Amino acid sequence: MTEIKISSPETGNDKISLSFFRRIFQIREIGVLSALIVLIIIMSFASPYFLKMQNIFNVIRGMSTIGIMAIGMTMIIITGGIDLSVGSLLAVSGVFTARLMFHGVFPWLAVAAGFGFGIGLGLTNGIIITKVRVNPFITTLGMLSIGRGLTYLFATGLKGAVASNVPMRDPSVNFLGAGYIGPIPFPVIELAILVIIFSLFLKHTVLGRQIYAVGSNKEAARLSGVNIDRVQIFAYTITGAFCALSGIINAGLLATAATNAGTGNELDVIAAVVIGGASLSGGEGSIIGAIIGAAIMAVLRNSFVLLHLPAFMQTISIGVVIILAVAFDNLRKHPGKS
Amino acid sequence: MKKRSIFILLAAAMFLCSVMAWTEGQAESADTGKALPPGPEFSSAVIPSDSGAVKPVNQKADKPLRIAVLGLENNPFWIPVKEGTFKAAEELKPLNCTVDWINAGAQHTTDVFSKAIEAAVAQEYDAIATIAGDSGVVPYINRAVESGIPVATFNSETEVENKRLFFVGADLYKQGESAGEAMIEVLGGKGKVAIITGFFAVEAHELRRLGFEETIAKKAPGITIVDRVENQDKADIAYNQAQDFMTANPDLAGIYVTAGGPFGAAAAVEDAGKTGKIKMISYDFVDETMEFVEKGVITGTIGQQPFAQGHDPAIRLFNYLVAGEVPEAGRLLTKADFVTKANIDQFWSK
C-alpha cells in the first residue's frame, strides 16, 4: 500500500523527498546491501570479535571460491541459463591439476592444464546447450555427475586402487589459495580484481551488453544481429575457467585436492546470485549483487559460530534469506501487486 | 481395454515370477541345510585377541566355496580394508575357497547395498560380508540368511537387529568415549573445546559425538563444549570453521573432529600458529591426517583396525561354513588404537 502512495502525485517538498526515496529503492542492489549492512551492524554489537580485521578477512576468504564462481553464474543466469555443474568442475580441475603435479609435471603447466580442463568442460556445456539444444538444467545436471565421476577417476591409483585426496605441494601455486599480501589473504585480492574487471566488462563492452540482451529477449537479440549461441557459449566457458581457479584456490589452501571439494556448491552459488537480485528468467542481475549475496551467507555462517548458536538455525536462516531476498525484489519490481 | 489386458497380464507374470522365486528359495534353503550351528547372541560384544590376525581352520572345504565381500572404494579409508580382504583371499585359496572383493557403489546407503546383496545372492555365493550403513538393508540381509547364505557385517552396523551372524568393526560410541578421555588427559581436565562433526544426520558421527560429549560431561566438568558444527566431511569447510572457532574463542584449548576432513581444521590451526597450543583429536589413519599427527598439529587420531574389517569377516565366515566354528560374540569389536606423534611409526609410513 505504501508504494501506491509514493507513486501518487504529491506536492512541494514531499514530492522531492519521496521521489528520492523511490529512486534509492529502485537501485537493484539496495535491498540486499541494506540487509548486509543491518546484519553487520547487529553482529558488531553482538560479538566483539566480528569487526576485527582478521575476522573480516577470514569471512571474505571463506567466500572467495563461491564468489568467483558466482561471477560466472551471474552471467549465465542473465542469459537465462543455469549451471549446476560448478561444484564438480571445481573438484575435477583441482584434482586434475594436483594429479599432474604429483606425476612431476611442471607446476604452472599443470595449473594451465587444470584451467584448460575446466574451460573445456564449460565449453562442452555451452556447445551442448546451444548447438544440441539440450536444456541447460539437464545438460549441467549431467555435467555435475560427469565432473564428479572424472574427479574420482583422476584421484584413483595414487595408493592402491581406490580414490584418495591428491596432495598439491607447490608453494608458488598454493599461494593462489593460501598466500597473504600483508594482512590480506590472496584469494580476497583475486576475488576483488575479478569482480571489478567483470562488472566493467558487463557494463561497458559489446559482449557484456549482449549477455543482457540475450537474456531479456532472445528473439529480439537475434533479430538485431547478436550471435546468441556465441554469447551463451562464452558464459558457460568463462564459468568453467572460474571453477578451475576456485578448484586451485581450494586445493592450494589445504595443500590437497579433495575429491569431495565443491559438493553442493552449486546451490550456494545460485543462491548468492539470486539473493543478489538476478532473475532466473534471465535479463537481470549484477555481479556486485551476487557478491553481496555471497557475503550475506558468509556473514551468517560466521555469525553462528561467533555467537555459539545451534548449527541447524544457520541452515534455516540461509533458506529464509533466499526467500526474503526474492520476495523483496518482486515487491520492488511490481509495487502494489501482491 | 487393451491397456487393461496388458496390465492384467503383467500383474499375472509378476505374481508367477515371485511365486517361482519363493519356491526356489525354499527349496534351496532346505537343500543347504547342512545343520550349521546358530550364531552368537546379536548384541554380545568382545574385542577378540586375534582381531586382524584370525587364522582359518586347517581344513579344506569339501566343495569349492565362494565368499563375497561387499565394500566401498570412495575414499582412502578403504585401502587397508581392501588389503585385508585380499590377504584373506590369499590365505583361503589353498583351502578351496575364493574371496571376491566387490565395490558395491558410491556410498554406504541402502539403495547401493541392497542391490549389491541381492546380486551376491543371485550369484549364489556361499557367504556374504557386507557393510550395513543403514537400517534399510536389514530385510535384504535377512532374506539372504533365510535363503541359506550366512551374512557377516563389517565397518558399520544397523541399529535394528537383523539375522547377520556377526559384526566386525568399531563401537562408535566407545570410540567417542576414548576420544573424550584422551581430550580430558591432554587438556588436564579444563578448557574450551569445539566439535566439528561430519553430519548431524549420520548415526555413526552422532555416536562419536555423543560418546565424547557425555564422557566429558561426566568426568571433566572443567571442560566446556563451546559449539558443535557440521562440515559435511569437507576439509575446506572445516578450515573456515576452525578459523571461526579460534576467532570467537581466543583461549580455545581443543578441537574434536568426528569424521571426514580433519586436515582442513588442522591446516587452519597450523596457519594460525597454534600448533600444539590447541589440542586436536580426530579419527582414522589417512595420509593427510597422519602428516598432521607427525607435525604435532593433530594431537592424536583414533583408529579402528580397517585391515581387520576387511580380513576377519571372510576368514570367520569360512571357519563357520567349514568347521561350524561360531565366533565368540555377535559384535567383534576392533581396537581403538590412539596414534600420536610418539607411536606413529608403528601405524604409518610415508
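Position numbers for residues count from 1 along each chain, tracking the sequence in the order it is written. Chains carry letters from A onward and ligands carry numbers from 1 onward, assigned in written order. Whole-chain, interface and lining totals are the exception, using all residues; otherwise, since this is a predicted model, local features are given only for residues with pLDDT of at least 70 and side-chain atom pairs are given and counted only at 80 or more.

1. Points about the overall build of chain B
To keep things clear, this is the line we draw: A run of DSSP states H or I qualifies as a helix once it reaches four residues; a run of E qualifies as a strand once it reaches two. Both are numbered from the N-terminal end. Exposure is read from a count of other C-beta atoms within 10 Å of each residue's own; the residue is exposed at 12 or fewer, buried at 20 or more and partly exposed in between. C-beta atoms are placed from the backbone. Throughout, a residue-residue contact means that the two C-beta atoms, derived from backbone geometry, are no farther apart than 7 Å.
Secondary structure assignment for chain B yields ten helices and 13 strands. By its C-alpha atoms, chain B is 70 × 65 × 35 Å across when sized along the principal axes. Scored against the burial criterion, the 350 residues of chain B give a buried share of 50%. Considering only residue pairs separated by 6 or more positions, chain B has 74% of its internal contacts joining residues 24 or more positions apart.

2. Points about the pairing of strand S10 (residues 279-283) of chain B
Side chains on a regular strand alternate between the two faces of the sheet. All names here are of chain B. The line we're drawing: In this description, strands pair whenever DSSP reports at least two bridges between them.
Taken across its five residues, S10 has five buried, putting it largely inside the fold. Neither face of S10 is open: one carries Lys279, Ile281 and Tyr283, the other Met280 and Ser282, and all of them are buried. Relative to S10, strand S9 (residues 252-257) runs parallel, the two sharing three bridges. Paired with Ile255 across the bridge in S10 is Met280.

3. Some details on the interface of chain A and chain B
Accessible area lost upon the coming together of the parts serves often as the stated size of an interface. Threshold: The classification used treats Ala, Val, Leu, Ile, Met, Phe, Trp, Tyr, Cys and Pro as nonpolar, Asp, Glu, Lys and Arg as charged, and all other residues, Gly among them, as polar.
Between chain A and chain B, the contact holds 23 residues from the first and 28 residues from the second. Where the side of chain A that touches chain B is concerned, the elements lending two or more residues are helix H4 (53-78), helix H12 (228-254) and helix H14 (287-306) of chain A. A total of four residues in the side of chain A that touches chain B trace back to one element, the largest contributor, which is H4 of chain A. The class makeup of the residues in the side of chain A that touches chain B is ten nonpolar, twelve polar and one charged.

4. A closer look at the environment of Gly80 of chain A
All names here are of chain A. With respect to the helices, strands and loops of the structure, Gly80 is situated in the loop between H4 and helix H5 (86-102). Classification of Gly80 by C-beta neighbours within 10 Å gives partly exposed; the count is 19. Between the C-alpha atoms of Gly80 and Asn125, which are 45 residues apart in sequence, the distance is 14 Å. In this view, Gly80 contacts Gly215, Ser281 and Gly282; residues no more than four positions away in its chain are not counted.

5. Description of the sheet that holds S9 of chain B
All names here are of chain B. In space, the six strands of this open sheet follow the order S8-S7-S9-S10-S11-S13, with mixed pairing throughout. Every interior strand has two partners, whereas the edge strands, strand S8 (223-230) and strand S13 (338-339), have only one. Here strand S11 (residues 300-302) pairs with S13 via two bridges, running antiparallel. The residue bridging Ile302 from the neighbouring strand is Phe338, located in S13.

6. A short note on helix H10 (residues 206-216) of chain A
Among the residues of H10 of chain A, Gln210, Ile211, Ala213, Val214 and Gly215 of chain A are the ones counted as buried. Tucked inside the fold, the buried residues of H10 of chain A contact H4, helix H9 (186-204), helix H11 (218-223) and H12 of chain A.

7. Here we look at the nonpolar core
In plain terms, the rule: The term nonpolar core refers to a group of buried residues, namely Ala, Val, Leu, Ile, Met, Phe, Trp, Tyr and Cys, whose C-beta atoms join them within 7 Å. Domain start and end points were adopted from an automatic or database domain assignment.
Ranked by size, the top nonpolar core spans 198 residues in total, and within it Ala70 of chain A together with Ile67, Leu70, Ile117, Ile128 and Ala265 of chain B carry the most contacts. Considering every element that reaches this core, the biggest residue donor is H12 of chain A, with 15 residues. Residues from two domains meet in this core; each of domain 1 (39-169 + 306-334) and domain 2 (172-302) of chain B gives at least three. Dropping the residues within four chain positions of it, Ile128 of chain B is found in contact with Ala68, Leu70, Ile117, Ala120, Ala144, Ile149 and Val151 of chain B.

8. What about H9 of chain A?
The test is simple: In this scheme, a helix's expected span is set at 1.5 Å multiplied by one less than its residue total.
For H9 of chain A, which comprises 19 residues, the first-to-last C-alpha distance of 27 Å matches the rise-based estimate of 27 Å (1.5 Å per residue) to within 8%. Turning to H9 of chain A, its buried residues number three or more, namely Phe186, Pro187, Val188, Glu190, Leu191, Leu194 and Leu202 of chain A.

9. So, the packing of H4 of chain A against H14 of chain A
Residues and elements named next belong to chain A. The cut-off we apply is this: In this description, a line fitted to the C-alpha atoms serves as the axis of each element, helices being fitted only across the stretch in contact, and the angle between N-to-C directions of two axes falls anywhere from 0 to 180 degrees. By definition, turning the near helix anticlockwise from the far helix through less than a right angle yields a left-handed crossing, and turning it clockwise yields a right-handed one.
Contact pair H4 / H14: the axes reach a minimum separation of 9 Å and the direction vectors enclose 150°. Here the hand of the crossing between H4 and H14 comes out right-handed. Contacts from Val59, Gly62, Met63, Ile66, Gly67, Ala70, Ile71 and Thr74 in H4 reach Ile287, Ala290, Ile291, Ala294, Ala295, Ala298, Val299 and Asn302 in H14. Residues belonging to the contact of H4 with H14 are distributed by class as follows: twelve nonpolar, four polar and no charged.

10. Digging into the pairing of S8 of chain B
All names here are of chain B. Here is the rule: Convention used here: a crossover is right-handed provided that the path from the first strand, over the helix, to the second strand proceeds clockwise when the strands point away from the viewer.
Here seven bridges tie strand S7 (residues 191-197) to S8, and the two strands are oriented parallel to one another. When the sheet's bridge partners are listed, Ile195 is paired in S8 with Arg228. With helix H6 (residues 203-219) bridging S7 and its parallel neighbour S8, the resulting β-α-β unit is right-handed.

11. Regarding the environment of Cys243 of chain A
Residues and elements named next belong to chain A. If you trace the backbone, Cys243 turns up in helix H12. With 133 residues separating them along the chain, Cys243 and Ala110 place their C-alpha atoms 15 Å apart. Those residues within four positions of Cys243 in sequence are excluded, and the remaining contacts are Met69, Val86, Leu89, Leu90, Ser93 and Gly118.

12. Focus: the sheet that holds strand S12 (residues 331-333) of chain B
Residue and element names in this part refer to chain B. Taken in spatial order, the seven strands make up an open sheet running S1-S12-S6-S5-S4-S2-S3, and their pairing is parallel. Pairing within the sheet leaves two strands with one partner each, and these edge strands are strand S1 (45-46) and strand S3 (97-103). Sheet topology places strand S2 (residues 65-71) next to strand S4 (residues 127-131); four bridges connect them, and they run parallel. In the sheet register, Leu70 faces S4, and the bridge partner there is Thr130.

13. Brief notes about the domain arrangement of chain B
Residue and element names in this part refer to chain B. For chain B, the assigned domains read domain 1 (39-169 + 306-334) and domain 2 (172-302). Placing the centre of domain 1 and that of domain 2 at their C-alpha centroids yields a distance of 31 Å. Each side of the interface is counted separately: domain 1 has four residues, and domain 2 has five residues. Split into classes, the residues belonging to the side of domain 1 that touches domain 2 amount to two nonpolar, one polar and one charged.

14. A closer look at the confidence of the model for chain B
Residues and elements named next belong to chain B. Here is the rule we go by: Confidence of the predictor in every single residue is expressed as pLDDT, which spans 0 to 100.
Residues with a pLDDT of 70 or more make up 94% of chain B, whose mean pLDDT is 90. Here residues 25-33 is a poorly scored stretch, pLDDT under 50, and it has seven contacts once near neighbours within four places are set aside; other chains count. The ipTM value of the predicted complex is 0.82, and its pTM value is 0.82.

15. Observations regarding the packing of helix H7 (residues 235-248) of chain B against helix H8 (residues 262-271) of chain B
All names here are of chain B. Convention followed: For classification purposes, angles smaller than 35 degrees are called roughly parallel, those larger than 145 roughly antiparallel, those between 65 and 115 roughly perpendicular, and all remaining angles oblique.
For the pair H7 and H8, interaxial distance at closest approach is 7 Å and the crossing angle is 40°. Here H8 runs oblique to H7, going by the angle between their axes. Remark: the crossing between H7 and H8 carries right-handed chirality. Two secondary-structure elements touch here, H7 through Ala235, Asp236, Ala238, Tyr239, Ala242 and Gln243 and H8 through Pro262, Phe263, Gly264, Ala265, Ala267, Ala268 and Val269. Classifying every residue of the contact of H7 with H8 gives ten nonpolar, two polar and one charged.

16. What to know about the environment of Gly293 of chain A
Residue and element names in this part refer to chain A. With respect to the helices and strands, the residue Gly293 is situated in helix H14. Note on Gly293: 33 C-beta atoms within 10 Å, which makes it buried. Residues Gly293 and Asp268, 25 residues apart in the sequence, show an inter-C-alpha distance of 9.5 Å. Residue contacts for Gly293: discarding those within four places in its chain leaves Val32, Ala271, Ala272, Val273, Ile275 and Gly276.

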